[in-house]
Amino acid sequence: MRRLTPLVLAFGILLTLVAAGPALASSYRYWSFWDGSAGQWAYASLGPSMARPADGSAWGFRFAVSKDAGDEAARPRAAADFGAVCGATPAAEGKKRVAVVVDFGLPADAPSGETPPQDAPRTACAQLAPDATAAEALAAVAKPLRYNSAALLCAVSGYPKQGCGEPLAEGPGSGTASATASGPADGPDSASPAGSGSGSGPSAGLLAGIAAVAALAAAAVWQSRRRTR
């Protein structure tokens, strides 16, 4: 039984780290990107510069403090309703129509010293070339846009003035986001902060902790066997 004690202890630490992983995940203040083509908002798997909306689709952008995962991000508060947004815009030959919803979020999610430009979500119908991207649709109705050096969408219609998807040590309204430089104007390559995709996997710190505990367990077993020889 004495041989197993170090291994059992290390395994217990490992389970504690794994269980604590979700609780240690960071929140981010950022613009999330949503596909409403099916009439319901779904967290986009591609960034706006990669997505090419079809004629008759709806695409949404929401600014909020959220966990870096689609199932925990705040959805746009307006419906993904192409007809309601583009119904009064006649179709044009050689063009596609895309409904764009821009939700600037709640005052509680705003960086310190800033407020959302408007309370209710903004909707607009973009008429674009058939191969235009969602980033081009957004640029057509909500300039100015700001991107960082990694092509992550930082600001829509100039909001917010600073910051770009940094992890927050505190809750909404903490003002912990810092300024970042403007980047490429062709749109982000990812729909979530820091180019991390959905961000639903374990953090690098958690993986490092698991590896360290595994090494500790192996060393403990080796030392225990050595003593018994």
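Here the structure is a predicted model, which is why all the values come from computation and not from measurement.

Draft legend 1. Region of interest: the overall build of the protein. Check the secondary structure of the protein and you find four helices and eight strands. In the protein, which comprises 229 residues, the proportion classed as buried is 41%. A sequence separation of at least 24 residues applies to 69% of the contacts in the protein between residues at least 6 apart. In the form shown here, the protein has an accessible surface area of approximately 11900 Å², with 57% of it arising from carbon and sulfur atoms.

Draft legend 2. Up close: the pairing of strand β4 (residues 96–103). Across the eight residues of β4, eight count as buried, placing the element largely inside the fold. Covered by surrounding structure in β4 are Lys-96, Val-98, Val-100 and Val-102 together with Arg-97, Ala-99, Val-101 and Asp-103, the residues of both alternating faces. Two elements, strand β3 (residues 57–67) and β4, share six bridges in a ladder whose sense is parallel. Note that in β4 the partner of Gly-60 across the bridge is Val-101. Where β4 meets strand β5 (residues 122–128), seven bridges bridge the pair, whose relative direction is antiparallel. Looking across to β5, one finds that Arg-97 is bridged to Gln-127.

Draft legend 3. Fine view of the pattern of salt bridges. Scanning the entire structure with this criterion turns up two salt bridges. The salt bridge involving Arg-62 is made with Asp-103; its shortest N-O contact spans 3.6 Å. Taken as a pair, Arg-62 in strand β3 and Asp-103 in strand β4 lie far apart in primary sequence, 41 residues in all. Look at Arg-62 and you get buried, because its relative accessible area is 6%. Among the residues examined, Asp-103 registers a relative accessible area of 0% and is labelled buried. One connected set of salt bridges, linked through shared partners, spans Arg-62, Arg-77 and Asp-103.

Draft legend 4. How the structure looks around empty space enclosed by the protein. In this structure the tally under the stated criterion is two cavities of 30 Å³ or more. The space that makes up the largest cavity amounts to roughly 70 Å³. Lining the largest cavity are 14 residues; nearest its centre among them are Arg-29, Phe-63, Gly-163, Cys-164 and Gly-165. Elements supplying a minimum of two residues to the lining of the largest cavity: β1 (27–35) and β7 (153–156). Among the elements that make up the lining of the largest cavity, the one with the highest residue count is β1 (three residues). Taken together, the residues that form the lining of the largest cavity break down as nine nonpolar, three polar and two charged.

Draft legend 5. Structural view of the state of the cysteines. What the rule picks out here adds up to two disulfides. At a sulfur-sulfur separation of 2.1 Å, the disulfide partner of Cys-86 is Cys-125. With the S-S dihedral at roughly 110°, the linkage between Cys-86 and Cys-125 falls on the right-handed side. Here Cys-86 is found in helix α2 (residues 82–86), whereas its partner Cys-125 is found in strand β5, with 39 residues between them in sequence. The exposure classification of Cys-86 matches that of Cys-125, with both residues buried.

Rules and cut-offs
Residues numbered from 1 in each chain as written. Predicted model: local features only at pLDDT ≥ 70, side-chain atom pairs only at ≥ 80, totals over all residues. Heavy atoms only, no water. Helix = DSSP H or I, 4+ residues; strand = E, 2+ residues; numbered from the N terminus. Buried < 20%, exposed > 50% of the residue type's maximum accessible area, 1.4 Å probe, protein only. Contact = heavy atoms within 4.5 Å. Areas by Shrake-Rupley, 256 points an atom, 1.4 Å probe, with all protein chains shown as cover. Pairing = 2+ DSSP bridges. Salt bridge = Lys/Arg side-chain N within 4 Å of Asp/Glu carboxyl O. 1 Å grid on protein atoms, 1.4 Å probe; cavity = no way out; pocket = protein on both sides within 12 Å on 5 of 7 lines; lining within 4 Å. Points joined across faces, edges and corners; volume = space filled by probe spheres on them. Nonpolar A, V, L, I, M, F, W, Y, C, P; charged D, E, K, R; others polar. Disulfide = S-S within 2.5 Å.

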